[in-house]
Amino acid sequence: MRLMMHSNMPWASTGYGVQVATFAPRWRQMLGHDVALTSIYGLQGGMLTWNGIPCYPAGFEGLSQDVLPQHADHFKADLILTLFDAWVLNPDMIQARGHRWVPWFPIDSEPIPAAVLRQVEKAWQPVVFSRFGERMARDAGLDVRYVPHGIDTTVYRPVADRAAERAQRTFPEDRFVVGIVAANKGFPSRKSWPEMLEAFARLHRRHPEAMLYLHTFVGTEMTGVNIAEYVDHLGIPAEAVRVCEQYQNTIGFPPEWMAGMFSSLDVLMNVAMGEGFGVPPVEAQACGTPVVLGDWTAMSELCLDGWLVPKDEADRWWTPQAAYQFKPRVGAIEAALEEAFDDWSAGRMTDERRRDTAAKVAARYDADMVTREFWGPFFDECAERIHAEAAGDLPPVEVAA
Amino acid sequence: MIAVVIPTIRGREALYERTVAAYRACGSEVTIITVRDRPTIGQAWGDGADAALNVEGVEFIHLSADDVEPHPGALEAAAEAVRFGIYPSPRIVNVDGSLHSCGTMGGGMLLPECGNDTVCGTSPFPFMRHEMWTAIRPCPRIGYYADDWLAWAVREQGLEVRVSRGYTLTHLEGTVGRDRVVRRSGADRAAFLQAVADRALSPVEA
């Protein structure tokens, strides 16, 4: 088949961009499909070829939906896949020339927001990337398929020399390092930055050997929390905090560096108000690092080694999209961090445990496996449906005496 | 006359042309029925066999592929077996002359060299009277196991499936464009078994 993926470009260091970079080459190389990419973000002004895959530029409408059908005509696409928040997409624009729209989209609140449902129910075949999303969609009567996000477990795996990786990041061996790898964007903070920072502050007051690593923009440039000021306000001493290099964060960290960083952490904290998937917790666990997550939305299914903040320890919050997300209570996050600290101080975070965690993640989310077990059958199903829909157009039988 | 049904898809033109030339040269009177771009061989065989019913003078229907060469006299040997109430399972050789199979038990279980008239399970390249096709049609629209279903259906009609050594074919082993077909074998197996069950249900059970 000829597959056109409309999303962020594969070189963009965004969650969506990384997934495009992960799967587009595999669709081509492992499944034998012809693939093209179109840009919501990451390419303007002309076409490029990336790893043998043609990349079409953005249009004039904010999400490039004005040029998407023409791009699909030009490429002769059988399917237009989108990897983006569905509620901002316009099915009428995407399908204006009769193309088949396959949104691969997040559901990060409960129930499925009406604004999301209204868009994806017009799609040819919607696809979600969490079992939670699948459940929410089916509860609303939507016929969806499930294909999870994936990671390259040849890169995201426990490093050979963890001590060296920690030293590179100035994480002393005798400190308990809590990491947060999350976008700092919007109010209220979907990633629960204020709650997570306050929980760490409380942990640190009891256990000064705790350290915090922040992989994010710590200022308000993305309309997020003023993390630098808040950390100071909470009384977390500067010596207990490490922040990723801010300019490097703009141009992107190489995956190998990220794997080294995840391997260096003692626990990753990601108690968001809602997650459509949650790639950093999966990447962290693939490197053997346990996680603290919330037991709601997609996070529940991502915790293969770690601690889930109970749902009844979070307050429902009715979002502008008209569905619930969950605001975790600081004390509950603190309690989970305390349990993680206990494991660390008791020597239970062993190399063997890290290897076991990594193996569990690989079995569920390895990109090659996801391609083989989920994308392959899904595209087969699409191909058969397209054949069936075109049954009236099949070539006539030829008889030659 | 023998109607030879040849399914083919884009990308396999060279194999197809070689196959057609071989059938033309095999010494039997044939009508070539080409069925292009069907999603499964079950559907392609079905469409082709249905078309054969409308061709005047057709006595036998042979469901073939686009990567097969019949040996001289092969189709006559198959026709002779059919005249004796047999559903012939061919002896198949590879391009290098080595044996691919001498009949098959179905489900991918290929027989080694064995004697003529050995009772077996199925025929990868069905050969039957056109009246038989009328009796058993339609074929499930599956890829793998379509041949197994057809063998089951003709056994239901009272035929025996036996090896016909004279019905010898060379399989060119064309894998171009078949990745998707290979991946769906599990689903086809389930569909084959369900198709047998659907047809086998008695009216009361149904």
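Residue positions within a chain follow its written sequence, with the count starting from 1. Think of it this way: whatever chain is written first is A, whatever ligand is written first is 1, and the rest follow in order. Two thresholds apply to this predicted model, a pLDDT of at least 70 for residue-level local features and 80 or more for giving and counting side-chain atom pairs, whereas whole-chain, interface and lining totals are computed over all residues. The side-chain numbers reported here are obtained from all heavy atoms of the structure, hydrogens and water having been left aside.

## Topic: the pattern of salt bridges
Should a side-chain nitrogen of Lys or Arg be within 4 Å of a carboxyl oxygen of Asp or Glu, the pair is scored as a salt bridge. Counted under the stated rule, the structure contains 39 salt bridges over all chains. The partner of A:R26 in a salt bridge is A:D152, with the nearest N and O atoms 3.9 Å apart. Placement of the pair is A:R26 in helix 1 (residues 15-29) and A:D152 in the loop between strand 8 (145-146) and helix 6 (162-168), with a sequence separation of 126 residues. Here's how the labels work: a residue is buried when its accessible area is under 20% of the maximum for its type, exposed when over 50%, partly exposed in between, all with a 1.4 Å probe on protein chains only. By relative accessible area, A:R26 is classed as buried at 15%. Overall, the relative accessible area of 26% leaves A:D152 in the partly exposed class. Where B:E160 meets B:R162, a salt bridge forms, and the shortest distance between an N and an O atom there is 2.5 Å. Only DSSP runs of H or I reaching four residues or more are called helices, and only runs of E reaching two or more are called strands; each is numbered from the N terminus.

## Let's talk about the interface of chain A and chain B
Note on contacts: a residue pair is in contact if any heavy atoms of the two residues lie within 4.5 Å. Listed by partner, the interface residues are 14 residues for chain A and 19 residues for chain B. Two parts placed together each lose some accessible area; with a 1.4 Å probe, that loss summed over both constitutes the buried area. With both chains or domains summed, chain A and chain B bury close to 1,500 Å², and 51% of this area falls on carbon and sulfur atoms. Of all residues in chain A, A:D380, A:V397 and A:E398 bury the most surface against chain B, accounting for 33% of the area lost on that side. Along the contact surface separating chain A from chain B lie 1 salt bridge. Here B:R36 and A:E398 are joined by a salt bridge, their closest N and O atoms 2.5 Å apart. Here a polar contact means two N or O atoms within 3.5 Å. Within protein one must be a hydrogen donor candidate and the other an acceptor candidate, and residues neighboring in sequence count only if both atoms are side-chain atoms. Summed over the shared surface of chain A and chain B, the result is 6 residue pairs in polar contact (both at pLDDT 80 or more). When contributions to the side of chain A that touches chain B are tallied by element, the ones reaching two or more residues are helix 15 (367-389) and strand 17 (398-400) of chain A. Sorting elements by how many residues they give to the side of chain A that touches chain B places helix 15 of chain A first, with 5 residues. Residues are grouped as follows: nonpolar covers Ala, Val, Leu, Ile, Met, Phe, Trp, Tyr, Cys and Pro; charged covers Asp, Glu, Lys and Arg; every other residue, Gly included, is treated as polar. Considering only residue class, the side of chain A that touches chain B consists of 9 nonpolar, 2 polar and 3 charged. Examined bridge by bridge, strand 17 of chain A and strand 2 (residues 30-36) of chain B share 3 bridges and lie antiparallel to one another. Note on strand 2 of chain B: the bridge partner recorded for A:V399 is B:I33. Two strands pair if DSSP finds at least two bridges between them.

## Observations concerning the side chain of A:Q285
Residues and elements named next belong to chain A. Within the secondary structure, Q285 sits in helix 11 (residues 279-286). A relative accessible area of 1% means that Q285 is categorised as buried. Looking at Q285, its side chain comes within polar contact range of the main-chain oxygen of P281, at 3.0 Å. Setting aside residues up to four positions removed in sequence, Q285 forms contacts with V291, L302, C303, L304, D305, T357, A358 and V361.

## So, the packing of aromatic side chains
All names here are of chain A. Aromatic contacts are taken between Phe, Tyr and Trp rings whose centres are within 6.5 Å, Trp giving its six-membered ring; a plane angle under 30 degrees counts as stacked, one over 60 as edge-to-face, and the others as tilted. If you walk through the whole model with that rule in mind, you get 26 aromatic pairs over all chains. Aromatic side chains F176 and F341 sit 5.3 Å apart centroid to centroid with 90° between the ring planes, which places their arrangement in the edge-to-face category. Linking F176 in strand 9 (residues 176-181) with F341 in helix 13 (residues 330-345), this pair joins segments that are 165 residues apart in sequence. The exposure classification of F176 matches that of F341, with both residues buried.

## With respect to the confidence of the model for chain B
In low-pLDDT regions, the fine details of the predicted coordinates are not to be read closely. The quantity known as pLDDT measures the predictor's confidence residue by residue, on a range of 0 to 100. When pLDDT is averaged across chain B, the result is 90; 91% of the residues are at 70 or more. Scored as a whole, the predicted complex attains pTM 0.69, and scored at its interfaces, ipTM 0.81.

## Details of the environment of A:V67
Residue and element names in this part refer to chain A. Examined against the element boundaries, V67 turns out to sit in the loop between strand 4 (53-56) and helix 2 (68-75). Along the chain, V67 and T38 lie 29 residues apart, while their C-alpha atoms are 9.3 Å from each other. Not counting chain neighbours up to four residues away, the residues in contact with V67 comprise P57, A58 and G59.

## Here we look at the sheet that holds strand 3 (residues 48-50) of chain A
Residues and elements named next belong to chain A. Spatially, 3-4-2-1-5-6-7-8 is the arrangement adopted by the 8 strands of the open sheet, whose pairing is mixed. The two strands at the open ends of the sheet, each matched to only one other strand, are strand 3 and strand 8. Summarising the sheet, strand 1 (residues 2-8) and strand 2 (residues 34-41) pair through 7 bridges and their orientation is parallel. Residue S7 lies in a different strand from strand 2, and its bridge partner there is S39. Lines fitted to C-alpha atoms define the axes, with helix axes restricted to the stretch in contact, and inter-axis angles between N-to-C directions lie between 0 and 180 degrees. In the packing of helix 15 onto the sheet, the strands contacted are strand 1, strand 5 (79-83), strand 6 (101-105), strand 7 (127-128) and strand 8, and the crossing angle to strand 5 comes to about 140°.

## Considering the sheet that holds strand 5 (residues 86-94) of chain B
Residues and elements named next belong to chain B. Read from one edge of the open sheet, 4 strands run 4-10-5-6, paired in mixed fashion. In this open sheet, the two edge strands, each paired with only one partner strand, are strand 4 (68-70) and strand 6 (99-102). Strand-to-strand twist in this sheet, taken as the mean axis angle between neighbours without regard to direction, amounts to 40°. The strands touched by helix 3 (residues 74-83) are strand 4, strand 5 and strand 10 (160-171); relative to strand 10, the strand with the most contacts, the crossing angle is about 175°.

## A short note on the nonpolar core
Core analysis: the biggest nonpolar cluster contains 119 residues, and A:W27, A:L37, A:F176, A:F262 and A:W375 have the highest contact counts within it. Excluding residues that lie within four positions of it along the chain, A:L37 makes contacts with A:M5, A:M9, A:P10, A:V20, A:A24, A:W50, A:I53, A:P54, A:C55 and A:Y56. By nonpolar core we mean a set of buried residues, namely Ala, Val, Leu, Ile, Met, Phe, Trp, Tyr and Cys, connected to one another through side-chain atoms within 4.5 Å. By size, the runner-up hydrophobic cluster in this structure holds 38 residues, among which are B:I33, B:L111, B:L159 and B:A195.

## Thoughts on unusual backbone geometry
Residues and elements named next belong to chain A. The omega torsion across F187 and P188 is -10°, close enough to zero to call that bond cis. Within the secondary structure layout, P188 lies in the loop between strand 9 and helix 7 (193-206). Positive phi, close to 60°, is recorded for S64, a residue that is not glycine. Within the secondary structure, S64 is located in the loop between strand 4 and helix 2. Judged by relative accessible area, which is 1%, S64 ranks as buried. Even without being glycine, K76 reaches a positive phi, approximately 60°. Looking at the element boundaries, K76 is found in the loop between helix 2 and strand 5. Owing to a relative accessible area of 61%, K76 belongs among the exposed residues under this scheme.

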